[in-house]
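# A closer look at the structure
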Amino acid sequence: SLEDVERRTRGNEIPFDIYIGCRKLPTNDLTSKADPIVAGSALNPITIQWEPLGATELLTNEPNPNFHQSILANQYSSRDRQLRFSAYDADNNDLSKLRPEDMLGEVYVPISKLTESMGKPVVIPLHGNKCEPDNVIQLITDLSCSP
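Report on the accompanying structure. (Residues numbered from 1 in each chain as written. Predicted model: local features only at pLDDT ≥ 70, side-chain atom pairs only at ≥ 80, totals over all residues. Heavy atoms only, no water.)

Below, the discussion takes up the packing of aromatic side chains. In total, this model carries one aromatic pair according to the counting rule given. Pairing Trp50 with Tyr108 gives two aromatic rings, centres 5.7 Å apart and planes at 55°, and the pair type is tilted. On the criterion of sequence distance, the pair formed by Trp50 in strand β3 (residues 50-55) and Tyr108 in strand β6 (residues 103-110) is long-range, its members being 58 residues apart. (Phe/Tyr/Trp six-rings, centres within 6.5 Å; stacked < 30°, edge-to-face > 60°. Helix = DSSP H or I, 4+ residues; strand = E, 2+ residues; numbered from the N terminus.)

Shown next, in the form of structure tokens:
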């Protein structure tokens, strides 16, 4: 409802959840499928540094994951921030232990592209050394349920 949006909106900031799925993920392992996790970050326009937004849960042996844990982002009406989503083949949920060789691929997308498609999937090919054209990430946005 409009009251919910107004309650969750702080100044010009609108929080929303990004739900993530991937299709046909490549793998780093010769004997098993990918154990994917996706980390999200936003480019700070002032410092020009990537700031972490959060990550999905780790799923085991799943080349076509639909993650249940969303990533929270904020839309500011005064600027369009760039987001990055990086897919990894991980051994555990500890993002600090990820190595460059764990990277499966990543995508960059302006936040406005996601908010303009609220509730509808945005499908983007993953980019990386191991990626092929059918390796994609799907992003779906929804107004945040967080207070």
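Turning next to the pattern of salt bridges. Counted under the stated rule, the structure contains three salt bridges. Close ionic contact of Lys24 with Asp134 constitutes a salt bridge, the shortest N to O distance being 3.6 Å. In this pair, Lys24 is assigned in the loop between β1 (13-23) and β2 (36-43) and Asp134 in the loop between β7 (122-125) and β8 (136-143), connecting sequence segments 110 residues apart. Salt-bridge contacts for Arg99 lead to Asp102; the nearest nitrogen and oxygen are separated by 2.9 Å. (Salt bridge = Lys/Arg side-chain N within 4 Å of Asp/Glu carboxyl O.)

Attention now moves to the nonpolar core. Ile18, Ile20, Phe85, Ile137 and Leu139 are the most contacted members of the largest nonpolar core, which has 25 residues in total. Of all the elements in the fold, those that place two or more residues in this core are β1, β2, β4 (71-76), β5 (82-89), β6, α2 (111-116), β7 and β8. If we ignore the near neighbours within four places in the chain, the residues touching Ile18 are Ser70, Ile71, Ala73, Leu83, Phe85, Leu114, Leu139, Ile140 and Thr141. (Core = buried A, V, L, I, M, F, W, Y, C linked by side-chain atoms within 4.5 Å. Buried < 20%, exposed > 50% of the residue type's maximum accessible area, 1.4 Å probe, protein only. Contact = heavy atoms within 4.5 Å.)

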